[in-house]
Amino acid sequence: MADNSALTSTTGSTSLADSSIFDSKVAETSKDNLFIGSTSCVEEEMPQIETRVILVQEAGKQEELIKALKTVKIMEVPVIKIKESCPGKSDEKLIKSIVNMEIKVPFVKMESVEEFKSLDSPEFENVFIVMDFQDSAFNELYKADCRVIGPPVVLNCAENGEPLPFSCRPLYCTSMMNLVLCFTGFRKKEELVRLVTLVHHMGGVIRKDFNSKVTHLVANCTQGEKFRVAVSLGTPIMKPEWIYKAWERRNEQDFCASVDDFRNEFKVPPFQDCILSFLGFSDEEKTNMEEMTKMQGGNYLPVGDERCTHLIVEENIVKELPFEPSKKLYVVKQEWFWGSIQMDARAGETMYLYEKANTPELKKSVSLLSLNTPNSNRKRRRLKETLAQLSREADLSPFPPQTPKSCTKSSKNSTPVPSKQSARWQVAKELYQTESNYVNILATIIQLFQVPLEEEGQRGGPILAPEEIKTIFGSIPDIFDVHTKIKDDLEDLIVSWDESKSIGDIFLKYSKDLVKIYPPFVNFFEMSKETIIKCEKQKPRFHAFLKINQAKPECGRQSLVELLIRPVQRLPSVALLLNDLKKHTSEENPDKSTLEKAIGSLKEVMTHINEDKRKTEAQKQIFDVVYEVDGCPANLLSSHRSLVQRVETISLGEHPCDRGEQVTLFLFNDCLEIARKRHKVIGTFRSPHGQTRPPASLKHIHLMPLSQIKKVLDIRETEDCHNAFALLVRPPTEQANVLLSFQMTSEELPKENWLKMLCRHVANTICKADAENLIYTADPESFEVNTKDMDSTLSRASRAIKKTSKKVTRAFSFSKTPKRALRRALMASQGSAEGRSPSSNEKHVMSRLASTSSLAMTHSVSTSNVIGFTEHGYVQRSNSTGGRSQNSWFRSVRHSAS
């Protein structure tokens, strides 16, 4: 007998309790409040009991369940401690705990409910395993307060090496374990009882009152105090169908009802039970908002319809309502509409009620009530103060007509500015003003867009994924930091203005920082723009977030894309201002030469940006090739490699693919990718970022280093040969040179330019200066190259027949067919003709079969034509494999010894 344990006390007694005693006397408590004991405590004061698992009816026939039970050795057992009451008081206090006990008695099978009485004994802690929680056996056990679990619990414990859990109620599975649910809006008691029972069967906990511990609110309506509190706390609000669908998946291992992908299907949409109408919007805006209403679970009707629950008003357009609204109709600003979508829950209408335009302060205070937490409100206030300070700095301007003492920042060495300000001063003033405005814009981007998107604990979950936020904003914070320093230095210089002060030194000081921060942002700006557009289309909450923030005065009614393009435009603008400043700087001024250096440094930054952008675009082109070519080698991706040219051609020989096949040549700076057009394209490709790409249209043939190209043949134009060229290559795995011939089909690139480009990169690869020596002009007859009838109907039909023939040959390959199969076919044909002489046609067929079989076992005789090439070698055109690998797609070109 295993040692058993319980809590002991000098003032109380302890006992192990079965579930009936425990469930009837002790209120439900979460496991967080339980004491997990061990078998090392004093066992003398404990009654000795044994643990036992009972398989009820069908459960005893499940082999998988029986196998799992053999691996489960521990179960949780409840312990009750009865604390003696004070003298004069009759009530007792029960304290519960959980201990782990070893399962020593083998499992028992129970075929009928009648056997229950013989198995029910206080000497055993019984756990009944029932397959169906709806049958009569379960009902009888439930009425008897027995401890009942379902097969998924056992399978889960066996898989994870956990003890059989204790539960006050029947536990079928653990898909809602650790979830705390609250219900609101249910009028039918039967429905509510059914839902609560299912939640308990899946391990969930129910709370009557809503509090901070509730993890999910199950709502049958979008009104009431519980709903409002759940919205304010950001608690997920679920439909009843969530529970029913989770119960349908109760037998799935490792299923959890709270995972986002499953839970999001059953969240209560923001506009459920709402009928909206829209006033003061353009037709395009109204159509967009109506579509969003449908997407978010609501409906819409024309303005004035009595069935409407909400009237959405464009407060900047509508000054007076065209009718007197009823008391049941909510008249709200559009911020309520977009705010509800952003929160993914119906926002409280009282914060967004439409007010007449004669109370601007009230309207302003209401609009500042954001959808974020109190902590977010503090951040928003700090942001408002920061932006206001930046605005005051720009408005007050440190350029007074007489004296700089009224500047935002003062300097001890400040000197009065002459009443007639110089042209150099005016340009410097404009430079500072534009820099200050630019810093304000960057601050708006960060504080109004980036910071809220990155904030943790967003209602309804994160609006964007972290990688999407990084793609959109990139190095904006770094750019903001550097330009804030530049602005401060310019301000100090302007405050203590002197014509000899150097503005060029400021930009030279930060030139290295500018080189670091600008290329990453400028190079990926298009990707940032595409990400914004894609997310705005695919994610309604992000669309609503942009609508709310872009309407604020800080943005000046500019979109996020329009704000983000400012860093792309800033450096060229600064360079122009510095040029203008240099023009108005005298030759004697030391800042003249410094400004020239500063302009040069900015041009260097812009050149660096352009070079990086070119490299980035080149890398993107390589990725496009990899996606377009099926089977493209992974080693094509290399940081030093760039795509030079793409050429569409037609194969003129039997290799690298059949004559007449469409071949695409991708010329890189060090290699040549050869791909043919796919005959059949099926399916689509989904990238890791979720973007659906079109299927690969090309099939990889060969990736050839340019160093393998020995000669580039420019085939002369003749009546039967147009726009043709050939490559003489020497692969390291071949004993002979190889000739590949093509006809160019693209008219945009002249053949002469293409061949020169190819030769130049070949020469660069093999470190030779004489690229022109790689080109050799040849007659088409010398190499049996012609383009005659390449596009004729007869030629296309011939190629189609050839492809079909190859497919049939592969399907009925005699080289892979056993000889006995051929003999069996012959014998069958002979047996069917038994008793009669074969006809002339049958004799012909039999002779063809025999000859074909013999041909499959012998090599064909090789014949070749020798054609003069140059004084260095000759071309050998082989009419058979001649012992070479049949997988080779080359035409042999052997050098003569002479």
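Up top you'll find the structure we're talking about.
Now for a description of the structure that goes with this document. Because the structure is a prediction, the values reported are computed rather than measured.

Scoring rules and cut-offs
- Residues numbered from 1 in each chain as written.
- Predicted model: local features only at pLDDT ≥ 70, side-chain atom pairs only at ≥ 80, totals over all residues.
- Heavy atoms only, no water.
- Helix = DSSP H or I, 4+ residues; strand = E, 2+ residues; numbered from the N terminus.
- Polar contact = N/O pair within 3.5 Å; in protein donor to acceptor, adjacent residues only side chain to side chain.
- Core = buried A, V, L, I, M, F, W, Y, C linked by side-chain atoms within 4.5 Å.
- Buried < 20%, exposed > 50% of the residue type's maximum accessible area, 1.4 Å probe, protein only.
- Contact = heavy atoms within 4.5 Å.
- Axes fitted to C-alpha atoms, helices over the stretch in contact; angles between N-to-C directions.
- Parallel < 35°, antiparallel > 145°, perpendicular 65-115°, else oblique.
- Left-handed = near helix turned anticlockwise from the far one by under 90°.
- Pairing = 2+ DSSP bridges.
- Expected span 1.5 Å × (residues − 1).
- Nonpolar A, V, L, I, M, F, W, Y, C, P; charged D, E, K, R; others polar.
- Phe/Tyr/Trp six-rings, centres within 6.5 Å; stacked < 30°, edge-to-face > 60°.
- Salt bridge = Lys/Arg side-chain N within 4 Å of Asp/Glu carboxyl O.

Take E349: it is sitting in the loop between α11 (334-343) and α12 (360-367). Reaching out from E349, the side chain makes a polar contact with the side chain of R346 at a distance of 2.8 Å.

We now examine the nonpolar core. In this structure, F449, F473, I503, Y518, F542, L564 and L578 are the most contacted members of the largest nonpolar core, which totals 57 residues. Looking at which element gives the most residues to this core, the answer is helix α14 (residues 423-454), with 13 residues. Not counting chain neighbours up to four residues away, the residues in contact with L578 comprise L431, I503, F507, L595, A598, I599 and L602. Of all hydrophobic cores here, the second largest spans 33 residues; its members include V130, Y172, C173 and L181.

With that settled, the discussion passes to the packing of helix α15 (residues 466-473) against helix α19 (residues 525-538). Two elements in contact, α15 and α19, have axes whose closest approach is 7 Å; the angle formed by their N-to-C orientations is 130°. The orientation of α15 with respect to α19, classified from their angle, is oblique. As for the relative orientation of α15 and α19, their crossing is left-handed in sense. For the pair formed by α15 and α19, the contact residues are E468, T471 and I472 on the first element and M527, S528, T531, I532, K534 and C535 on the second.

Take the pairing of strand β20 (residues 671-677) next. In terms of burial, β20 is largely enclosed, as five of its seven residues are buried. Pairing analysis gives five bridges linking strand β19 (residues 662-668) to β20, with the strands arranged antiparallel. Each residue of the ladder has a partner; that of L667, found in β20, is L672. Hairpin geometry of β19 and β20 is characterised by an intervening segment of two residues between the two adjacent antiparallel strands.

Another aspect to go through is helix α24 (residues 751-765). When the terminal C-alpha atoms of α24 are compared, their 21 Å separation across 15 residues agrees well with the 21 Å that a helix rising 1.5 Å per residue should span. Considered for burial, the residues of α24 that qualify are K751, W754, L755, M757, L758, C759, H761, V762 and A763. Contact partners of the buried residues in α24: β18 (643-651), β19, β24 (709-715), β25 (724-729), β26 (737-744) and β27 (775-778). Directly beyond the C-terminal end of α24, a positive phi value near 60° is found at C767.

With 13 residues, helix α6 (residues 189-201) ought to run about 18 Å at 1.5 Å a step, and its terminal C-alpha atoms sit 18 Å apart, in line with that. Listing the buried residues of α6 in full gives L195, L198, V199, H200 and H201. In this structure, the buried residues of α6 make contact with α4 (136-143), β9 (180-184), β10 (205-206) and α8 (241-248). Downstream of α6 by a residue or two, G203 has a phi angle that is positive, lying close to 90°.

Moving on, we get to the packing of α6 against α8. It is the contact of α6 with α8, at a shortest axis distance of 10 Å, that shows an interaxial angle of 45°. The angle between the axes of α6 and α8 places the two elements in the oblique class. In this structure, α6 crosses over α8, and the sense of that crossing is left-handed. Contacts from E191, R194, L195, L198, V199 and H201 of α6 reach α8 at I243, Y244 and W247. Here the contact of α6 with α8 is built from residues that sort into six nonpolar, one polar and two charged.

What follows is about the side chain of S502. Along the chain, S502 turns up in the loop between α16 (476-495) and α17 (504-509). Engagement of the side chain of S502 in a polar contact is seen with the side chain of D591, the distance being 2.8 Å. What S502 contacts, discounting residues up to four positions off in sequence, is L493, D591 and T594.

This brings us to the sheet that holds strand β7 (residues 124-129). Read across the sheet, four strands follow the order β6-β3-β7-β8 without closing on themselves; strand pairing throughout is parallel. Of all the strands in the sheet, the pair left with one neighbour each is β6 (108-110) and β8 (148-149). Both strand β3 (residues 50-56) and β7 contribute to a ladder of six bridges, which runs parallel. Looking across to β7, one finds that V53 is bridged to V127.

Right, let's get into the packing of aromatic side chains. Per the counting criterion, the structure on display carries 18 aromatic pairs. For the pair W425 and W497, a centre-to-centre distance of 5.4 Å together with 65° between the ring planes defines the contact as edge-to-face. Of the two residues, W425 sits in helix α14 while W497 sits in the loop between α16 and α17, which places them 72 residues apart along the sequence. Since its relative accessible area comes to 7%, W497 is described here as buried. On the numbers, 6.4 Å between centres and 20° between planes, the contact of F542 with F545 is stacked. Of the two residues, F542 and F545 are both situated in helix α20 (residues 540-550); the distance of three residues between them amounts to about one turn of the helix. As far as burial versus exposure is concerned, F542 and F545 are alike and both buried. In this structure an aromatic cluster arises from ring pairing among F271, F278, F281, W336, F337 and W338.

A few words now on the sheet that holds strand β12 (residues 237-238). Sheet architecture is open: four strands sit in the order β10-β9-β11-β12, paired in parallel fashion. Since the sheet does not close on itself, it has two edges, and those belong to β10 and β12, each with one partner. Taken strand by strand, α6 contacts β9 and β10, and its axis lies near 175° from that of β9.

Attention now moves to the pattern of salt bridges. Summed over the entire model, instances satisfying the criterion amount to 25 salt bridges. Look at the salt bridges and you will find they share partners, linking R424, E499 and D591 into a network.

None of the figures reported here should be taken as evidence of function without further support.
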